[in-house]
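Tertiary structure, described
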Amino acid sequence: MIKCKHPQYKTKPKYICKESDGCSERKNPGVQDEWMENGDVSLYDDTRAGVLMVFFRELKAADAGTYRCGVNVSHYTERFTELQLSIKH
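Right, let's walk through the structure included here.

Rules behind the numbers
Residues numbered from 1 in each chain as written. Predicted model: local features only at pLDDT ≥ 70, side-chain atom pairs only at ≥ 80, totals over all residues. Heavy atoms only, no water. Disulfide = S-S within 2.5 Å. Helix = DSSP H or I, 4+ residues; strand = E, 2+ residues; numbered from the N terminus. Buried < 20%, exposed > 50% of the residue type's maximum accessible area, 1.4 Å probe, protein only. Pairing = 2+ DSSP bridges.

Structural notes on the state of the cysteines
Summed over the entire model, instances satisfying the criterion amount to two disulfides. Between Cys 4 and Cys 69 runs a disulfide, and the two sulfur atoms are separated by 1.9 Å. For the disulfide bridge between Cys 4 and Cys 69, the dihedral angle about the S-S bond is near 135°, and by the sign convention the bridge is right-handed. Remark: Cys 69 occurs in strand S6 (residues 65-72) and Cys 4 occurs in strand S1 (residues 2-5); sequence separation between them is 65 residues. For the pair formed by Cys 4 and Cys 69, the shared burial category is buried. At a sulfur-sulfur separation of 2.0 Å, the disulfide partner of Cys 17 is Cys 23. Residues Cys 17 and Cys 23 are joined by a disulfide whose S-S torsion is about 70°; by sign, that bridge is right-handed. Classification of Cys 23 by relative accessible area gives buried; the value is 9%.

What to know about the pairing of strand S7 (residues 78-85)
Every other side chain in a regular strand lies on the same face of the sheet, so the side chains alternate between the two faces. One ladder, built from eight bridges, connects S6 with S7; its direction is antiparallel. Bridging across to S7, Arg 68 finds its partner in Glu 82. Taking the residues between adjacent antiparallel strands as the criterion, S6 and S7 are bridged by five residues.

Take a look at the structure:
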């Protein structure tokens, strides 16, 4: 479980993507305040706390890498945090 905190943008749309893929596939919940499945992850955009919770299912070695956890502030602006996911057997 990863918690991406963006408390200053509580109601703005949030996402997570893998940087090594060029962030070509952004996973976002599409809805707020309820769990949604998006491929191999479940996402929850908690608008009260300004947190995107990301739950990875069945992690594989290929899932390791640098991820970008972001928020779309406006049509032309986004803010993000980079995080490193390591997989250990």
